[in-house]
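Descriptive analysis of the structure
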Amino acid sequence: MNLLDVDYFAILVAALSSFMLGGIWYSKAFFKNAWLESSGLTDLDLQSANPKLIFGGSFFLVFIAALMLSLFLGKDASVGESIGAGFVIGFFWISSSLGLSYIFEQRPLKLFLINGSYCILQFSLMGLILGIWP
């Protein structure tokens, strides 16, 4: 598969779903406080950050991730294969790489569990969307 064969609207929707999942996952209702504590940040740090850089950069990166997932899956992947591939990528590739870094950086296990779980859900959700897209 090449860049001309992908459905960019499906990729956009997959990227937006990931972005929305992050908004929920890292909200006060879920893991915001634990994430802030474990990462050594405060609400003040978040308020003083450049939102254009954070949200623009984040969306660009998640769009690239959804594009690469779409290329990896190809045109004929079933829904099950797409979700399974997203799960495997999130669990075995992304989370294990995060874990490796977190071990050497001596980051808290709680932070790894929050971020790693998000990655697993993120790629599984993007796989679901790309898999069901006509």
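To be clear, the structure that these remarks concern was listed above.
Analysis parameters
Residues numbered from 1 in each chain as written. Predicted model: local features only at pLDDT ≥ 70, side-chain atom pairs only at ≥ 80, totals over all residues. Heavy atoms only, no water. Axes fitted to C-alpha atoms, helices over the stretch in contact; angles between N-to-C directions. Helix = DSSP H or I, 4+ residues; strand = E, 2+ residues; numbered from the N terminus. Parallel < 35°, antiparallel > 145°, perpendicular 65-115°, else oblique. Left-handed = near helix turned anticlockwise from the far one by under 90°. Contact = heavy atoms within 4.5 Å. Salt bridge = Lys/Arg side-chain N within 4 Å of Asp/Glu carboxyl O. Buried < 20%, exposed > 50% of the residue type's maximum accessible area, 1.4 Å probe, protein only. Polar contact = N/O pair within 3.5 Å; in protein donor to acceptor, adjacent residues only side chain to side chain. Expected span 1.5 Å × (residues − 1). Phe/Tyr/Trp six-rings, centres within 6.5 Å; stacked < 30°, edge-to-face > 60°. Lys NZ or Arg CZ within 6 Å of the ring centre and 35° of its normal.

Before going further, it helps to spend a moment on the packing of helix α1 (residues 8-25) against helix α4 (residues 51-73). Between α1 and α4, the shortest axis-to-axis distance is 8 Å and the interhelical angle comes to 130°. With respect to their mutual orientation, α1 and α4 come out oblique. Every pair of crossing elements has a handedness; the one defined by α1 and α4 is right-handed. On the side of α1, the interface is formed by Tyr-8, Ile-11, Leu-12, Ala-14, Ala-15, Leu-16, Ser-18 and Phe-19, while α4 contributes Phe-55, Ser-58, Phe-59, Val-62, Phe-63, Ala-66, Leu-67 and Ser-70.

Next up on the list: the environment of Ile-132. One can find Ile-132 in helix α6 (residues 109-132). For the pair formed by Ile-132 and Leu-36, sequence separation is 96 residues and the distance between their alpha carbons is 35 Å.

A word on the pattern of salt bridges. Under the criterion given, the structure shown has three salt bridges. Residue Glu-37 is joined to Lys-110 by a salt bridge in which the shortest nitrogen-to-oxygen separation is 3.6 Å. Here Glu-37 is found in helix α2 (residues 32-39), whereas its partner Lys-110 is found in helix α6, with 73 residues between them in sequence. For Lys-110, a relative accessible area of 38% translates into the label partly exposed. Ionic pairing is found between Arg-107 and Glu-105, a salt bridge with its closest N-O pair at 2.6 Å.

The next point concerns the side chain of Ser-18. Relative to the assigned elements, Ser-18 resides in helix α1. We classify Ser-18 as buried; its relative accessible area is 0%. Of note is the side chain of Ser-18, whose polar atom sits 2.9 Å from the side chain of Gln-122. In contact with Ser-18, other than residues within four places in its own chain, are Val-62, Tyr-118, Gln-122 and Met-126.

Okay, the environment of Ala-65 next. Along the chain, the position of Ala-65 falls in helix α4. Residue classification places Ala-65 among the buried residues on the basis of a relative accessible area of 18%. Note: C-alpha distance between Ala-65 and Ser-18 (47 residues apart in sequence) is 9.9 Å. Contacts of Ala-65, omitting those with residues within four sequence positions, involve Phe-123 and Met-126.

Here α4 spans 32 Å end to end across 23 residues, near enough to the 33 Å set by a 1.5 Å rise per residue. Of all the residues in α4, the buried ones are Val-62, Ala-65, Ala-66, Leu-67, Leu-69, Ser-70 and Leu-73. For α4, the elements touching its buried residues are α1, α5 (79-105) and α6. Between the side-chain oxygen at the start of α4 and the backbone nitrogen of Lys-52 there is a gap of 3.0 Å, and the oxygen is on Asn-50. Directly beyond the C-terminal end of α4, a positive phi value near 80° is found at Gly-74.

Here we take up unusual backbone geometry. A positive phi angle is found at Gln-106, which is not glycine, with a value near 55°. With respect to the secondary-structure elements, Gln-106 resides in the loop between α5 and α6. You can call Gln-106 exposed: its relative accessible area is 69%.

Two numbers describe a pair of aromatic rings. These are the distance of the centres and the angle of the planes. According to the stated counting rule, one finds twelve aromatic pairs in the structure shown. With a centroid separation of 6.1 Å and 75° between ring planes, the pair formed by Phe-19 and Phe-55 is classed as edge-to-face. With a gap of 36 residues between them, Phe-19 in helix α1 and Phe-55 in helix α4 connect regions that are remote in the sequence. On the numbers, 5.7 Å between centres and 10° between planes, the contact of Phe-87 with Phe-91 is stacked. Of this pair, Phe-87 and Phe-91 both sit in helix α5, four residues apart, which is roughly one turn of the helix. An aromatic cluster is present here, built from Phe-19, Phe-55, Phe-59 and Phe-63 joined pairwise through their rings. Residue placement shows Arg-107 over the ring face of Tyr-102; its charged tip is 5.1 Å from the ring centre.

Read these as geometric descriptors, not functional statements.
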